[in-house]
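Listed below, chain by chain, are the residues.
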Amino acid sequence: MQFSTLTPVNVLTGFLGSGKTTLLNRWVRQASMQNTLIVINEFGDIGLDHQLITQSDEQAVVEMSSGCLCCTLRGDLSRTLKQAIDSLLAEGKPAPSRVVIETTGLADPAPILQLLMTDHWLAHRFQLDSVVCCVDAANGEATLQAHRESQRQIAIADRLLITKTDLVDEVRLTPLANQLASINPAAEQWQVVNGNLSPELLVGAGLFRQDSQRYQVEQWLKSARYSVIHAEDVKHEGEQQGDSNAAFVQPTSQPTLTRHGENINAFCFCVEGLITPEALENWLDLLMSLMGEKMLRIKAIVHLTDRDEPLALHGVQHIFHPPTPLPMQCVNDRISRFVFITQNVAPATVAQLYRYFTPFNSSADSSANSSTNEAI
Ligand SMILES: Nc1nc2c(ncn2[C@@H]2O[C@H](COP(=O)(O)OP(=O)(O)OP(=O)(O)O)[C@@H](O)[C@H]2O)c(=O)[nH]1
């Protein structure tokens with residue numbers, strides 16, 4: 001098995017004023033962050049954040065201003081990284097061993113993740129390690145109610161940092177923490193004052209861990225944190241009425257909706273038994289063409305009929321990373337698990353569309369054990 005040599009990328013997001021720069025300033029001073037390239041994206045011609053970052057010989061800081069990386073500056077990320085790396089090499093310095101991208105406070109992180117997957121130059125050199133999102137303990141709840149961008153930043157994150165906890169008491173903190181968990185049940189939550197947090201807690205959420213040279217499947221997928229819907233529980237109308245051309249009926253489990261207008265749904269869809277590559281491709285194609293914009297993030301471990309080893313899939317909106325074949329010993333069973341983080345997509349819809357491409361009983365002839373996941 002060839003191990004990944006791609007440079008890890010950490011995306012630091014969070015709403016305006018949530019404490020990103022304060023955190024970054026502390027973060028990059030840590031010894032483990034030596035040889036990190038920091039990319040700061042700011043609105044406006046005169047960016048200030050980069051001036052707030054303590055610079056040293058060990059790190060390079062580059063700034064991308066005059067627009068937002070998630071909309072107008074997409075093509076500029078590869079150019080910026082390439083130029084920065086070229087000038088480091090020209091100065092006789094090593095290529096960076098990590099890249100941290102601080103987004104603007106209004107950025108939707110999804111397009112930035114997409115960019116890492118779709119830009120040829122980037123995809124062959126870098127891989128996402130974690131999305132870290134700062135949430136202001138004092139203003140977080142109000143921001144969540146008012147700004148869709150904030151909901152999406154939280155939904156897509158691997159780590160949620162509740163900042164400025166010195167400004168609020170437990171009575172205000174607990175509802176915010178619960179709210180964040182309802183939007184993103186799998187993200188680790190940490191409380192941070194003035195950016196003071198161990199850097200190890202910010203990295204290492206990716207599938208491949210550089211430090212251990214191993215794939216950490218369950219730490220990456222965190223499927224047990226989500227409410228679960230099983231393919232086997234979704235009834236096809238034809239199974240009840242003997243009419244294979246009929247439409248689908250509702251599955252047994254109902255979606256859990258957050259109390260936000262945007263209804264961010266995070267759930268895990270499990271399939272026991274092997275899936276044909278055709279069924280997987282057709283199902284995902286249909287999902288992406290019907291509701292790609294609403295698919296904030298998809299992670300999956302899939303067992304297919306045409307191969308022994310499992311595949312890891314990672315998608316953002318309608319874009320998928322090339323599948324990563326995993327060593328068999330990375331997983332404990334042969335259950336395929338799809339984690340969906342969506343905006344306004346009901347688990348029922350995802351499950352019903354899956355059944356559309358799988359003939360009756362195809363998922364029932366499994367020798368796999370039943371899932372160990374539990375609904376939240
Ligand atoms: N009391 C308190 N203030 C904090 C904390 N973290 C950050 N701040 C302050 O909050 C303000 C905004 O922090 P920044 O780090 O600039 O936030 P940002 O997310 O980079 O802001 P934008 O670049 O505007 O999106 C600054 O005045 C910080 O000093 C904290 O933990 N406690």
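Going by what an unreviewed UniProt entry lists, the protein is known as GTP-binding protein and is assigned to Vreelandella alkaliphila. Database annotation for the protein, UniProt heading Catalytic activity (unreviewed entry): "GTP + H2O = GDP + phosphate + H(+)". Turning to the protein, the UniProt annotation filed under Function (unreviewed entry) states: "Zinc chaperone that directly transfers zinc cofactor to target proteins, thereby activating them. Zinc is transferred from the CXCC motif in the GTPase domain to the zinc binding site in target proteins in a process requiring GTP hydrolysis."

## Side note on the overall build of the protein
In terms of helices and strands, the protein carries 12 helices and 16 strands. By residue count, 57% of the 376 residues in the protein fall in the buried class. At a minimum sequence separation of 6, the contacts of the protein that also span at least 24 residues come to 78%. For the protein, the accessible area works out to roughly 16400 Å², and carbon and sulfur atoms hold 49% of it.

## As for the side chain of Asn265
Structurally, the position occupied by Asn265 is in strand β11 (residues 264–272). In this structure Asn265 comes out as buried when scored by relative accessible area, which is 2%. Side-chain polar atoms of Asn265 contact the backbone oxygen of Val345, separated by 2.8 Å.

## Quick look at the environment of Pro322
Of note, Pro322 is situated in the loop between β14 (319–320) and β15 (324–325). When its relative accessible area of 54% is taken as the criterion, Pro322 is described as exposed.

## Notes on empty space enclosed by the protein
For the coordinates displayed, the defined rule picks out 1 cavity of 30 Å³ or more. Along the wall of the largest cavity there are 18 residues; nearest its centre are Asp158, Ala186, Trp220, Tyr226 and Lys299. If you list the elements that add at least two residues to the lining of the largest cavity, you get α9 (217–221), β12 (295–302) and β16 (335–343). Residue composition of the lining of the largest cavity, grouped by class: 11 nonpolar, 2 polar and 5 charged.

## Details of the pairing of strand β5 (residues 126–136)
With 11 of 11 residues buried, β5 lies mostly within the body of the structure. For strand β1 (residues 7–14) and β5, the ladder comprises 8 bridges, and the chain directions are parallel. Bridging across to β5, Gly14 finds its partner in Cys134. Inspection of the sheet shows β5 paired to strand β6 (residues 159–163) by 5 bridges, in the parallel sense.

## Describing the site of the ligand
For the ligand, the set of nearby residues contains 16 residues, the closest of which are Lys20, Thr21, Thr22, Asp166 and Asn194. The separation between an oxygen atom of the ligand and a polar side-chain atom of Thr22 is 2.6 Å. Starting from 650 Å² of accessible surface for the ligand in isolation, the protein chains cover 68%. Per-element accounting of the shell around the ligand gives the leading share, 3 residues, to helix α1 (residues 20–27). Residues that form the shell around the ligand fall into these classes: 5 nonpolar, 6 polar and 5 charged.

## Digging into a negative patch on the surface
On the surface, Glu278, Glu281, Asp285 and Asp306 cluster together to form a negatively charged patch. Here Asp306 lies in the loop between β12 and β13 (311–316). A relative accessible area of 51% places Asp306 in the exposed class.

## Things to note about the pattern of salt bridges
One pass over the full model with this rule turns up 11 salt bridges. Lys82 serves as the salt-bridge partner of Asp86, at 3.7 Å between the closest nitrogen and oxygen. Of this pair, Asp86 and Lys82 both sit in helix α3 (residues 76–90), separated by 4 residues, roughly a single helical turn. A salt bridge links Glu188 to Lys222; the shortest N-O distance between them is 3.9 Å. Note that Glu188 is positioned in strand β7 (residues 188–192) and Lys222 in the loop between α9 and β10 (227–230), a separation of 34 residues in sequence. With relative accessibility at 14%, the residue Lys222 sits in the buried group. When salt bridges with common partners are traced through the structure, they connect Asp158, Arg297 and Lys299 into a single cluster.

Calculation rules
- Residues numbered from 1 in each chain as written.
- Predicted model: local features only at pLDDT ≥ 70, side-chain atom pairs only at ≥ 80, totals over all residues.
- Heavy atoms only, no water.
- UniProt positions renumbered as here; feature names shortened; annotations may be inferred.
- Helix = DSSP H or I, 4+ residues; strand = E, 2+ residues; numbered from the N terminus.
- Buried < 20%, exposed > 50% of the residue type's maximum accessible area, 1.4 Å probe, protein only.
- Contact = heavy atoms within 4.5 Å.
- Areas by Shrake-Rupley, 256 points an atom, 1.4 Å probe, with all protein chains shown as cover.
- Polar contact = N/O pair within 3.5 Å; in protein donor to acceptor, adjacent residues only side chain to side chain.
- 1 Å grid on protein atoms, 1.4 Å probe; cavity = no way out; pocket = protein on both sides within 12 Å on 5 of 7 lines; lining within 4 Å.
- Points joined across faces, edges and corners; volume = space filled by probe spheres on them.
- Nonpolar A, V, L, I, M, F, W, Y, C, P; charged D, E, K, R; others polar.
- Pairing = 2+ DSSP bridges.
- Near = heavy atom within 4 Å.
- Patch = residues over 30% accessible without salt bridge, like charges linked within 9 Å, V, L, I, M, F, W, Y side chains within 5 Å.
- Salt bridge = Lys/Arg side-chain N within 4 Å of Asp/Glu carboxyl O.
- Lys, Arg positive; Asp, Glu negative; His and termini not counted.
- Charge placed at Lys NZ, Arg CZ, Asp CG, Glu CD.

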